[in-house]
4 protein chains.
Amino acid sequence: MYLSEIQIRVRYSETDRMGYVYYGNYAGYFEVARAESLRNLGFTYKAMEDEGFILPVFTFSVKYMRPAFYDDLLIIKVMVRELPAARIRFDYETYNEKDELINTAETTLVFINKVTGKPCAAPAYFLDALKKFF
Amino acid sequence: MYLSEIQIRVRYSETDRMGYVYYGNYAGYFEVARAESLRNLGFTYKAMEDEGFILPVFTFSVKYMRPAFYDDLLIIKVMVRELPAARIRFDYETYNEKDELINTAETTLVFINKVTGKPCAAPAYFLDALKKFF
Amino acid sequence: MYLSEIQIRVRYSETDRMGYVYYGNYAGYFEVARAESLRNLGFTYKAMEDEGFILPVFTFSVKYMRPAFYDDLLIIKVMVRELPAARIRFDYETYNEKDELINTAETTLVFINKVTGKPCAAPAYFLDALKKFF
Amino acid sequence: MYLSEIQIRVRYSETDRMGYVYYGNYAGYFEVARAESLRNLGFTYKAMEDEGFILPVFTFSVKYMRPAFYDDLLIIKVMVRELPAARIRFDYETYNEKDELINTAETTLVFINKVTGKPCAAPAYFLDALKKFF
């Protein structure tokens, strides 16, 4: 398993009139978690896009157990539990400062060749970097 | 089943550098779909909140089949398939202007009493209005 | 002067923990107002981009007199007061349902040729359509 | 003058189909800059709200000289140039990784007593903390 952990400070713009982080804003947090987990491997999501791979999200699901609030310093654990092929799955757990699990989530993304618009295999260097963790 | 249909024009702010509607922005679209489906029943989500009910989202999942693009006029069908108790489930289908299904989704929301912070039953007038469709 | 008027219903995702529309979200509303004012002229912002013109915002300023709230149906008046050259200025007035002026704003956008990345003149058909109002 | 400097990594969700950071998203960045500049003084924006002060934005203006892009690590300098009374003004300068100035901005916020809804003086401890820099 490949595990990364990131911290995100809740912004005012991300709260709603209930005082909670708006449920849709976690999608952006998880994106940041994915990007940072790649950076920890030694390369960037941006570089992958610039090389011609795009990774649109295919499925996304969240279970919200507790709300998060303005200025909370959240910890997101992001996990790749299986070596990716044409798809890659990330699992997430979000914790608040009291170390309470506030939600769990998962996304599946598809590797797409930007030129052909067709699904393709993950870049070899990415698979090589991940393999060390399996 | 209670079915409503709404139209949403994709805003520039909702696109990302792939040129797609950012995957997290559909959460806001589905919220609009829920709010409008209540309005079609003769009352508003806002009034329910003002009366002391909040409805945080408990689960949310989406399957993205096709992207949507800037200025697309999307059609979202929102369905309540079962009479709610302490929870209410909404199902969604999003279509583009070519009438292609671009994603399907579902959310489960929980009725919470704002004062006690505890789950509670849906307001009686809401259940009465829904019952006609079942 | 060229004047258009649009309606925007405030979404839950656009509110913040004060219960107000987050101050940054008006930028998106004004973008919608600009897009709709072009549509009223008979063409679209999207088509202009597809033809090779991009219009990044150069200056943006707002004066917030009153807040807007969830589910408010806002009216935005958008005005072009001078025929554009390499730049185009839009002025905005936002009103709530009580017809109270809640903010005023202005944006200046620059016509950029997508291929060269350089400022350019506004498309001729756009100027022709606008001229009728001056 | 009281000066703080913060770093913000551009998120995918903050880009638009031009590939730029959407012009409205800087409002959220500047909010983060304000919050961190208060934290550097030894207290939080959140605590001020919890104590009964809200600080809605009264005026906001930006001049965009250059775009920012996905994954850029931006530096925002935020400055308080005058001791606040009932209003506080923040000035901002945003730089990219090449140390190019990409925009300048300013916001004026008003201290409001949450209970009365009326403008009020800034909290004494806040003024005391700021005074050291003037």
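Source: prediction; values computed, not measured.

Trainee: Just checking my understanding: could you explain the overall build of chain A for this structure?
Mentor: Secondary structure assignment for chain A yields 3 helices and 7 strands. The secondary structure elements of chain A, listed N-terminal to C-terminal, are β-α-α-β-β-β-β-β-β-α. In terms of C-alpha radius of gyration, chain A reaches 16 Å, essentially the compact-globule figure of 14 Å for 134 residues. Dimensions of chain A along its principal axes, counting C-alpha atoms only, are 45 × 30 × 20 Å.

Trainee: Sorry if this is basic, but what is going on with the interface of chain B and chain C here?
Mentor: The parts lose accessible area when they come together, and the size of an interface is often stated as this lost area. Listed per partner, the contact involves 10 residues of chain B and 10 residues of chain C. Along the lines of polarity and charge, the residues of the side of chain B that touches chain C split into 3 nonpolar, 3 polar and 4 charged.

Trainee: Where do I start with the sheet that holds strand 3 (residues 57–64) of chain C in this structure?
Mentor: Pairing between sheet strands relies on hydrogen bonds along the backbone, with the strands arranged either parallel or antiparallel. With antiparallel pairing, the 10 strands of this open sheet are ordered in space as 1(C)-4(C)-5(C)-6(C)-3(C)-3(D)-6(D)-5(D)-4(D)-1(D). Two strands close off the open sheet at either side, each with one partner strand: strand 1 (2–9) of chain C together with strand 1 (2–9) of chain D. Within the sheet, the average angular offset between the axes of one strand and its neighbour, ignoring direction, is 15°. Relative to strand 5 (residues 87–95) of chain C, strand 4 (residues 73–80) of chain C runs antiparallel, the two sharing 5 bridges. Note on strand 5 of chain C: the bridge partner recorded for Ile75(C) is Tyr95(C). Across the sheet, helix 1 (residues 26–41) of chain C lies against strand 1, strand 3, strand 4, strand 5 and strand 6 (101–110) of chain C, angled at about 130° from strand 1 of chain C, the strand it touches most.

Trainee: Would you mind going over the environment of Phe53(A) with me for this structure?
Mentor: Residue and element names in this part refer to chain A. By secondary structure assignment, the location of phenylalanine 53 is in strand 2 (residues 53–54). With 18 C-beta atoms counted inside 10 Å, the residue phenylalanine 53 sits in the partly exposed group. Distance from phenylalanine 53 to lysine 114, taken between C-alpha atoms, is 5.6 Å for residues 61 residues apart in sequence.

Trainee: Hey, could you run me through the relation of the copies chain B and chain A in this one?
Mentor: Each of the two copies of the chain can be brought onto the other by a rotation about an axis and a shift along it. Once chain B has been moved 0.0 Å along the axis and rotated by 180°, it coincides with chain A to within an RMSD of 0.0 Å. On the angle and the small slide along the axis, the relation comes out as a two-fold axis. Minimal C-alpha distance to the rotation axis in chain B is attained by Ser61(B), lying at 2.0 Å. Looking at the interface residues of chain B, 100% of them are also at the interface in chain A, so both copies use one shared face.

Trainee: Looking at this structure, I do not really get the interface of chain B and chain A. What am I missing?
Mentor: Counting residues at the interface gives 18 residues for chain B, matched by 18 residues for chain A. Broken down by secondary-structure element, the contributors of at least two residues to the side of chain B that touches chain A are helix 1 (26–41) and strand 3 (57–64) of chain B. The biggest single contributor to the side of chain B that touches chain A is strand 3 of chain B, with 8 residues. A breakdown of the residues in the side of chain B that touches chain A according to their chemical character gives 12 nonpolar, 5 polar and 1 charged.

Trainee: Sorry if this is basic, but what is going on with the sheet that holds strand 3 of chain B here?
Mentor: Read across the sheet, 10 strands follow the order 1(A)-4(A)-5(A)-6(A)-3(A)-3(B)-6(B)-5(B)-4(B)-1(B) without closing on themselves; strand pairing throughout is antiparallel. Edge positions in the sheet fall to strand 1 (2–9) of chain A together with strand 1 (2–9) of chain B, since each of these pairs with one other strand and no more. The mean inter-strand angle of the sheet, taken between neighbouring strand axes irrespective of direction, is 15°. Inspection of the sheet shows strand 1 of chain B paired to strand 4 (residues 73–80) of chain B by 8 bridges, in the antiparallel sense. In the strand pairing of strand 4 of chain B, Tyr2(B) is matched with Val80(B).

Trainee: How should I be thinking about the nonpolar core in this particular structure?
Mentor: What tends to happen in soluble globular proteins is that the nonpolar side chains get buried as a cluster. In terms of nonpolar packing, the biggest core is built from 58 residues, with Tyr23(C), Tyr26(C), Tyr23(D) and Tyr26(D) touching the most fellow members. In this structure Tyr26(C) touches Val21(C), Val62(C), Asn103(C) and Ala105(C), once residues within four positions along its chain are discounted. Grouped together as the second largest cluster of nonpolar side chains are 57 residues, Tyr23(A), Ala27(A), Ala68(A) and Tyr70(A) included.

Trainee: Where do I start with the relation of the copies chain B and chain C in this structure?
Mentor: Expressed as a screw transformation, the operator carrying chain B onto chain C has a rotation angle of 180° and an axial translation of 0.0 Å, and the superposed copies differ by an RMSD of 0.0 Å. The fraction of interface residues of chain B whose copies in chain C are also interface residues reaches 100%, indicating that both copies meet through the same surface.

Trainee: Just checking my understanding: could you explain unusual backbone geometry for this structure?
Mentor: Excluding glycine, a negative phi dihedral is what most residues carry, and trans is how most peptide bonds are arranged. With a phi angle near 65°, Asp99(A) is a residue other than glycine that sits in the positive phi range. Its location among the elements puts Asp99(A) in the loop between strand 5 (87–95) and strand 6 (101–110).

Trainee: Looking at this structure, I do not really get the environment of Ile6(B). What am I missing?
Mentor: All names here are of chain B. Tracing the backbone through its elements, the reader meets isoleucine 6 in strand 1. For the pair isoleucine 6 and tyrosine 29, spaced 23 residues apart in sequence, the C-alpha separation works out to 9.6 Å. Excluding residues within four positions of it along the chain, isoleucine 6 makes contact with Val32, Ala33, Glu36 and Ile76.

Trainee: Honestly, the pairing of strand 6 of chain A in this entry has me stumped. Any pointers?
Mentor: On a regular strand, one side chain projects to one face of the sheet and the next to the other, so that they alternate. Residues and elements named next belong to chain A. As paired strands, strand 3 (residues 57–64) and strand 6 are joined by 7 bridges and run antiparallel to one another. Within strand 6, the position partnered with tyrosine 64 by the bridge is asparagine 103. Between strand 5 and the antiparallel strand that follows it, strand 6, lie 5 residues; aspartate 99 among them carries a positive phi value of about 65°.

Trainee: Is there a simple way to think about helix 1 (residues 26–41) of chain D in this case?
Mentor: Think of an α-helix as 3.6 residues a turn; residues three or four steps apart then line up on the same face. Residue and element names in this part refer to chain D. With 16 residues, helix 1 should cover 22 Å at 1.5 Å per step; its first-to-last C-alpha distance of 23 Å lies within 8% of that length. Considered for burial, the residues of helix 1 that qualify are Tyr26, Ala27, Tyr29, Phe30, Glu31, Ala33, Arg34, Ala35, Glu36, Ser37 and Leu38. The first or second residue beyond helix 1 is glycine 42, which carries a positive phi of 110°.

Parameters at a glance
- Residues numbered from 1 in each chain as written.
- Chains lettered and ligands numbered in written order.
- Predicted model: local features only at pLDDT ≥ 70, side-chain atom pairs only at ≥ 80, totals over all residues.
- Helix = DSSP H or I, 4+ residues; strand = E, 2+ residues; numbered from the N terminus.
- Rg over C-alpha atoms; globule rule 2.2 N^0.38 Å.
- Contact = placed C-beta atoms within 7 Å.
- Nonpolar A, V, L, I, M, F, W, Y, C, P; charged D, E, K, R; others polar.
- Pairing = 2+ DSSP bridges.
- Axes fitted to C-alpha atoms, helices over the stretch in contact; angles between N-to-C directions.
- Buried ≥ 20, exposed ≤ 12 C-beta atoms within 10 Å, placed from the backbone.
- Least-squares fit on C-alpha atoms with pLDDT ≥ 70 in both.
- Core = buried A, V, L, I, M, F, W, Y, C linked by C-beta atoms within 7 Å.
- Expected span 1.5 Å × (residues − 1).

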